[in-house]
Amino acid sequence: MASLLGLAVFAMVLSGPALAFVPIGGGSDTHVTITRNALLQKVKGTCEAVTENNDYEFKPTGNSPEQIVQACLGPTATGDVSGAKFHSALQEIYLQNGLVDRDFVNSAPHHFNSEAFFEGRSLITDGMAAIKANIRNENFKAARETLGKILHTLQDFYSHSNWVELGNTDPYPSLIRADLPIENIADVNTRTCSDCASGTCPDPILPTVLEKQKLTSGYMGIFSSKKPSGKCSHGGVSDETSRIRPRGGINKDVRHKDNEFYYDAAVKVATAASLELLEDIRLAAGDDDFLRMMGIARSSVLCFVIDTTSSMSGEINETLKVASEIIARKRGTQDEPSEYILVPFNDPKFGPVTKTADPDVMKKEISKLTSGGGGDIREMSFSAIQLALTTAPAYSNIYVFTDAPAKDADLKDTLAALIRTTKSTVNFFMTSSSSRRRRSTGGGFFNDYKDLALASGGQAIQVTKDQLPQATAIILDTSTSALVTVLQQARNPGKPDSFSFDVDASLKNITIYKTGSALTFTLTNPNDITQSSRQTNGALAAISTVGNLWRTTLNADRASGTWQIRITSNIPYTVKVTGQSTIAFIYDFVEEFGGPHPGYALFTGRPQAGQPATLMLPVMGREGPDSLKVKEVSLISVSSSASVVANTTSMGDGSILVTVSSVPEEFVILLKGTDTVSNTDFQRQSTTQMSVSKVNIQATVSSSLEPGKPFTLPFSVLTNGAGGDFTINAQNDRDFKMDYPKSLTLKPGEYSNGTLTITPPPETLSGTDVTLTLKASRGADFNYVVLRLSVLEKITDFFPPVCKIINIVDACSHVSQCKDYVWEVSANITDGNGTGIESVRLNQGNGTLTKVIDSDPAQYRYKASCCAKVFEMVAVDKIGNVGKCFHSIVRSASLKVRMRRNYQGMSTHDGLT
């Protein structure tokens, strides 16, 4: 299949036949469409199971991600729910999928080229084990990154091998099961292809290979034309081997008139194979955690970072009060937090992290905090914030309570990198005890916190300890699933200025925040009605103030249209407008790459100064992306409102390719358009403030880490500015031992290479993830790459649990009233000499499952009404291998055939009668 982000895109933005991989006949099957179709189908099926268990129907009003999320979370909870996290999860998987074509372009196993079948299978099965371990440890981001990569490799098997030419219409189960053999591979001496001078001959595979059902794949050489004699090539202009006899190639990446049948067959079976892989992961993880991995949850997490030094007892009590209020007020609504995170810090200690979905556990953990220690003025706040940023999912709101500056200020650039990578918002509640103030060094006491708040789009709220309860209302405001930012600006130095913003009909609970002292303002609505800051309850809004925070809440009957706020102050200030709406967008910087399968891949770090930039920007509407008309995307300065209008290209499904010839020094993204549901104009703004650099740093993670063993990570650094010695610095959130060069000497426009070694301790649990931030700097200019690595114990258990049905009592054969009769199934489950059974659960069926013998094998009994006709039990071992038992009392031959096909290759006893 062709590379990431769609073939049609390249028809529009790339030139030349080598880069325009457009299928003849208007087809558009790519890695991203295959992955999208499989993910949406699997998510829908999972949602159907979840909603059935929760006694409501899964009835999406459309097929867009936001409509699927709304239907999956159901009608029982009130309030709007955003599809942004689901969109973000999908885009993360797509972009990681695309990285395989960029970072592993010459790796045969990653593409099943050159008959590297066992090596390619190992990438998939090791990746599946890592995903399952990550999910068990709730490291969902790491799981998604690996999922995108192994889906690419799995899909390439069907395009790059002769699987479909051999007449196969079902997926090859051995690719996702290391316990099954890969058989009948053409050995190195077996000739596999005939010569094809044109490069696109029909059926170039030799008849003897097809007759003997020999498995082969095309050889690929980007830098070399060598291949074993008589072997098929991959083909295409980038493949040097395709010009050596036998010429041509057997890939089905592009649909043309000579391979239409095989191309279509490869797409179909690659989609089915992706579904099988996803089903295996879903069964191992369980429905709820599978959906959490996919970003389907009601609200952002509630994440507190709390200073526990001696002077902070009041703040700890206030945090408990706020958490309790949020839990009480939002329970049963779409705004009920899906997860709670707590990170305490002191000096010299910080952490550990508490992460729970149980609100009562969160309240208990906060109440257990005690204040003490912290003798000197500075504390380990940045280390704690680093833990929060690497633990919480992307786009989270993090709330920091402290009365002291950071002792670990050397982490400031690392935090800025993590903020830009996760696009999370950090809000600071800064109080000052009298003892700390006496020892402070003047007005810069909290400046680092103010800088990070501005960079993340958060608030830096400075209050006395007595005022803190009034300031924490902002946490209630921002703890919502559908929070959007309409406007965000800052003026430093302060100056009088006016700010306009569009309010559309979908916006609810609109709040304007201003931080600064000695300021006044006037608010004007679209009908020219005004209200000054002196009017606390006026025609337009309710206004309150505490410390340096002004909070203005617009009245519920506010008018749609263009509003204006005029601020008068010569002291630095910020202004931010938020609301609740399902109209939103997310974005990622991407970069174009060439090679045999060109495309766009995720670009990490800061954009390059003076260089063009490209963004992928999915938009979400109230009734899917078709309910929006995007008018303009621009990069605007937070400090001056200056803007650069971008070029946009619609890519379908609500995604927009955004390009600019040069990015500003610092900026956020502003999106303007029309909501066609209400025919009102909207605007949305990103929160994370981006900036540019002349430095570029690249690194690629090729595999998982193993406990106790050094892992080597090559990296490269380039500068488009002046050359010289550049400082290298690395941080990881697990405090694993690292070795790396402390500097590299760079020449302008040339990459210099280095190597970092990181070693997880031997006792590190399998499934642990580590976030590594690698930075290169010279003077004030720096850039970074943020990598997520997984630690995985060496896998020795490849065999799934065995489930065997031993008895069926079926009293349903001739009953007229099914509800008055029952049927039973008894089954034995064992993991043999494996790692042991981790869990056993009912996957299908409305009856009761009971463990009747607790030994090896264990025995389970299922009893159900004759109205519930299907039973499926799933056993998962400690590695994540899945075994199943299935039985149905339905007397339908078609059902029997269908169920046998669905579970082909699984460890199961179907018991169909």
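Look at helix α11 (residues 313–330): 26 Å from first C-alpha to last across 18 residues, which is about the 26 Å you get at 1.5 Å a residue. Regarding α11, the residues found buried are E315, I316, E318, T319, V322, A323, I326, I327 and K330. Those residues of α11 that are buried are in contact with β1 (302–307), β2 (340–345), α12 (359–367), β4 (397–402), α17 (468–471) and α18 (473–478). At the exit of α11 stands G332, carrying a positive phi of roughly 85°.

Here we come to the confidence of the model for the chain. With 92% of its residues at a pLDDT of 70 or more, the chain shows a mean pLDDT of 89. Scored below 50 in pLDDT, residues 2–27 makes 60 contacts in the model with residues more than four places away or belonging to other chains. Ignoring residues within four places in sequence, the model shows residues 434–443, a span with pLDDT below 50, making 15 contacts including any to other chains.

Within the open sheet, the four strands sit side by side as β27-β28-β32-β30. Their pairing is antiparallel. The strands lining the two open edges of the sheet, one partner per strand, are β27 (695–699) and β30 (737–739). Averaged over all neighbouring strand pairs, the angle between strand axes comes to 25°, with direction disregarded.

The subject of this paragraph is the packing of aromatic side chains. The description of an aromatic ring pair rests on the distance of the ring centres and on the angle between the ring planes. Throughout the structure, instances matching the rule amount to 19 aromatic pairs. Relative to Y862, the ring of W823 has its centre 5.7 Å away and its plane inclined at 70°; by these criteria the two rings are edge-to-face. Placement of W823 in strand β36 (residues 822–830) and of Y862 in strand β39 (residues 858–865) is noted, with a sequence separation of 39 residues between them. The two residues W823 and Y862 agree in class, both being buried. The ring of F782 carries R606 above its face, with NZ or CZ at 4.6 Å from the centroid. For K775, the ring lying beneath its charged end belongs to F782, and the centroid distance is 5.6 Å.

Right, let's talk about helix α9 (residues 260–285) for a bit. Its 26 residues give α9 an end-to-end C-alpha distance of 38 Å, which sits within 8% of 38 Å, the value for a rise of 1.5 Å per residue. Where α9 ends, the next residue or the one after it, G286, has phi of about 90°, a positive value.

Let us now look at empty space enclosed by the protein. If you walk through the whole model with that rule in mind, you get four cavities of 30 Å³ or more. In this structure, the largest cavity encloses a volume near 590 Å³. If you trace the largest cavity, you find 34 residues lining it, with Y395, L483, V484, T485 and T687 closest to the centre. Elements with a minimum of two residues in the lining of the largest cavity: α4 (84–103), β5 (425–430), α18, β7 (483–491), β15 (573–580), β16 (584–585) and β25 (680–685). The element contributing the most residues to the lining of the largest cavity is β7, with three residues. Of the residues assigned to the lining of the largest cavity, the class counts are 12 nonpolar, 17 polar and five charged. In this model, the second largest cavity occupies a volume close to 200 Å³. Along its surface, the second largest cavity is lined by 17 residues, and T125, K132, I176, F798 and N881 are the ones closest to its centre. Among the elements that line the lining of the second largest cavity, the one with the most residues is helix α6 (residues 117–136), at four residues. Partitioning the lining of the second largest cavity into residue classes produces nine nonpolar, three polar and five charged.

What counts as what
Residues numbered from 1 in each chain as written. Predicted model: local features only at pLDDT ≥ 70, side-chain atom pairs only at ≥ 80, totals over all residues. Heavy atoms only, no water. Helix = DSSP H or I, 4+ residues; strand = E, 2+ residues; numbered from the N terminus. Expected span 1.5 Å × (residues − 1). Buried < 20%, exposed > 50% of the residue type's maximum accessible area, 1.4 Å probe, protein only. Contact = heavy atoms within 4.5 Å. pLDDT = per-residue confidence, 0-100. Pairing = 2+ DSSP bridges. Axes fitted to C-alpha atoms, helices over the stretch in contact; angles between N-to-C directions. Phe/Tyr/Trp six-rings, centres within 6.5 Å; stacked < 30°, edge-to-face > 60°. Lys NZ or Arg CZ within 6 Å of the ring centre and 35° of its normal. 1 Å grid on protein atoms, 1.4 Å probe; cavity = no way out; pocket = protein on both sides within 12 Å on 5 of 7 lines; lining within 4 Å. Points joined across faces, edges and corners; volume = space filled by probe spheres on them. Nonpolar A, V, L, I, M, F, W, Y, C, P; charged D, E, K, R; others polar.

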